[in-house]
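# Tertiary structure, described
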Amino acid sequence: MKDRVAKTVTKWWNVWEKHPTRLWMFSVLGLSAICWVAFLWHLGSTGLVDETEPLFAEAARQMTVTGDWITPYFNGETRFDKPPLVYWLMAIGYKLIGVNEWAVRLPSAMSAIALTVLGFYTLRYFGISRPSTLIHDNSSELEDAPKLPNPERQRWLSAGIGAALIAFNPITLVWARTGVSDMLLSGCMGTALLSFFIAYVQGETRRQGDGEQNSRYRGNAKGDPQPILGFASGWYLAFYILIALAILAKGPVGIVLPGLIIGAFLVYLGNFWQVVREMRLFWGLGVIGVLAIPWYVLVTLANGEDYINKFFGYHNIERFVGVVNHHWAPWYFYFLVVLVGFAPWSCYLPLAIARLRFWQVQQWRCSPRASQLGLFALCWFAGVFGFFTIAVTKLPSYVLPLMPAAAILVALLASDLLTYQNPQPRLGLRLSGGFNVILLLVLAGAILYSPNIVGYDPAALNLSETLQASGLPLRGGIVWGMAAVATAIALWQRRGWRWLGMINLVAFVAFIILVVSPAAFLLDQQRQLPLRELSAIAAEVNQPSEELLMMGFEKPSVVFYAQRSVNYFDEEHKLIAYIEKIAKTKPNPPSTLILIESKRFNKLQENWLKPNEYTIIDNEGAYHLIRVAKQLVAQKPQPSGER
């Protein structure tokens, strides 16, 4: 049965390869489907998630309100955590489609889409797994010497598989749907590196042809791009522009990391100075400076030493050399992050890296540039991984920029194996497949058990019971359990290994549709919806000069949805003292709105407020919205231990 399917697929390929226009149309449809499911489907259907996402959303909204596009503000205070590009894009979105979740998350989604599309394009033309000098070697993964594959078919396979893997991995899916700057950095940096590689390959081809005489570039006869005058330098220009955007998205790391990656790649190949001259580095640095530096100058002039200390000192240097916000982790932390964040494809990463034979330096240096994408992806992966492993502060999102490189490595491995004729996999692939089965079983078990490991969340008191009652853990366990069984059966069959990728992909997409999407709605309803509704009510019932206070918790989403400043208090006596201060200092003291956790409200009733001093406006979930009278009847005594 499987052999008949394989023959049918081969015949299908033979027909489509004769009609490249149809193949491109099919690819565009496939890319559109991948990007829609991964990045756009239900993108704005759930509310912003505390804590980080509303900070970015509100800072962008403040730019549209104040007209100050230089200094970001949140809740009346400067916010120097990140540069302005993500705020600018969100603010533009507000102007175009309104202040909503779509506008907040669209910059991240579009960054992921751009990365997926350019990854497909790059693999389509340069998706050869190893240098041609290595293709003829006896592979350690094959029992017999492989025949030379069809390079055109291999590039198409690399492109399709690579695009799917760039989009469909857990960590990319999460951050592409979150309105923060991490995916924007990954998108700018990733597309910059891919642009560099395209220009790097075209630079060699131009020198080899008659382009040095007439300044024209000739592609090969297999469908590679055939740019006209200046096209290669155009990709270098795109590289410099995207690096400038990466700097405006996240800061110095936007140029430091690409510099380390490209530098290591060129030093390994022994052509560092040749390529530096080719890419007109000093001219490119000027382009970067013109685009990226002006905002840093303007924000420093506006805020002085305060900005320099907070952004460069605290959020860049201190994060690298010390622990910030308790984000410490052991040295092996990112091994676990990549294992889970790139699951299930991470099972095949060691094999994909070993298959490159990166230790054969001379063979790589003698190979054409068009066959060096695998080595470039390895430098990309290792550069990001090593840089953030050395950094003391560690967060899962820091290794998001290496996920496209991991996807390229595994895509090259898969296309290599699928393109050879009659390959018989040996130990490496079987071990990777066996680990794939184990990982899928662990995922199935973890999801089934997830209601028991959900921690206490005061914002969603019955989350564990609700999750269990929804049936989603059982559904997720079944999806991954069936995938594990199917993978084991495929490994048992003589040629079943060809279906490993498809089994994992189908299971992943099914998990997104059947489990992840419904779970996102459930979590939003349990955790964020009550705050969102009470914030909207607070905005509606607000009276002139009436302040909005939060008691017992600090949720930035309240500031965004109420569209006003909010004061936060963590202790009851501080809250009452503040209200009394207002009453004493203002001739006509206003009433005060308080958004408070229900448990803290009960305590406030017992110790501080009399029934005639407040009105309950509404209560949702774990919260109450109350209005405290214009002036409290009497100063309440502070309970012992709170003075």
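Above: the structure in question.
Keep in mind that what you see is a predicted model, and the values were worked out from it rather than measured.

## Things to note about empty space enclosed by the protein
All chains considered together, the criterion is met by three cavities of 30 Å³ or more. Size it by volume and the largest cavity reaches roughly 50 Å³. In terms of lining, the largest cavity is formed by Leu-115, Ile-166, Asn-169, Thr-172, Met-183, Ser-186, Leu-400, Met-403 and Pro-404. Here the residues of the lining of the largest cavity are counted per class, giving six nonpolar, three polar and no charged.

## Some words on unusual backbone geometry
A cis amide bond links Asp-50 to the next residue, Glu-51, at an omega of 20 degrees. The residue Glu-51 is located in the loop between α2 (20-40) and α3 (52-66) in this model. One non-glycine residue, Asn-75, lies in positive phi territory at about 55 degrees. For Asn-75, the location among the structural elements is in the loop between β1 (73-74) and β2 (77-78). Overall, the relative accessible area of 23% leaves Asn-75 in the partly exposed class. At Arg-280, a position not held by glycine, the phi torsion is positive, near 50 degrees.

## Remarks on the sheet that holds strand β3 (residues 547-551)
The five strands are arranged β4-β3-β5-β7-β6 in an open sheet whose pairing can be described as mixed. Sheet topology places β4 (567-569) and β6 (614-620) at the edges, where each strand pairs with a single neighbour. Mean inter-strand twist for the sheet, computed between neighbouring axes without regard to direction, equals 25 degrees. With five bridges joining them, β3 and strand β5 (residues 592-597) adopt parallel strand pairing.

## Observations regarding the packing of helix α23 (residues 472-492) against helix α24 (residues 500-541)
With their axes 10 Å apart at the nearest point, α23 and α24 run at an angle of 175 degrees to one another. In terms of their interaxial angle, α23 and α24 are classed as roughly antiparallel. Packed against α23, whose contacting residues are Leu-472, Arg-475, Gly-476, Val-479, Trp-480, Ala-483, Ala-486, Thr-487, Ala-490 and Leu-491, the element α24 presents Leu-500, Ile-503, Asn-504, Ala-507, Phe-508, Ala-510, Phe-511, Leu-514, Val-515, Pro-518, Ala-519 and Leu-522 at the interface. Residue composition of the contact of α23 with α24, by class: 18 nonpolar, three polar and one charged.

## Overview of the nonpolar core
One recurring pattern in soluble globular proteins: nonpolar side chains tend to sit buried together. Phe-196, Tyr-200, Phe-265 and Phe-376 are the most contacted members of the largest nonpolar core, which has 153 residues in total. With 14 residues, helix α9 (residues 182-208) is the largest single contributor of residues to this core. Once you skip the residues sitting within four places of it in the chain, Tyr-200 turns out to touch Tyr-236, Phe-265, Leu-266, Leu-269, Asn-271, Val-275, Glu-278, Arg-369 and Gln-372. Core analysis: the next-biggest nonpolar cluster, separate from the first, contains 19 residues, Leu-55, Phe-74, Val-559 and Ala-622 among them.

Cut-offs applied
Residues numbered from 1 in each chain as written. Predicted model: local features only at pLDDT ≥ 70, side-chain atom pairs only at ≥ 80, totals over all residues. Heavy atoms only, no water. 1 Å grid on protein atoms, 1.4 Å probe; cavity = no way out; pocket = protein on both sides within 12 Å on 5 of 7 lines; lining within 4 Å. Points joined across faces, edges and corners; volume = space filled by probe spheres on them. Nonpolar A, V, L, I, M, F, W, Y, C, P; charged D, E, K, R; others polar. Helix = DSSP H or I, 4+ residues; strand = E, 2+ residues; numbered from the N terminus. Buried < 20%, exposed > 50% of the residue type's maximum accessible area, 1.4 Å probe, protein only. Pairing = 2+ DSSP bridges. Axes fitted to C-alpha atoms, helices over the stretch in contact; angles between N-to-C directions. Parallel < 35°, antiparallel > 145°, perpendicular 65-115°, else oblique. Contact = heavy atoms within 4.5 Å. Core = buried A, V, L, I, M, F, W, Y, C linked by side-chain atoms within 4.5 Å.

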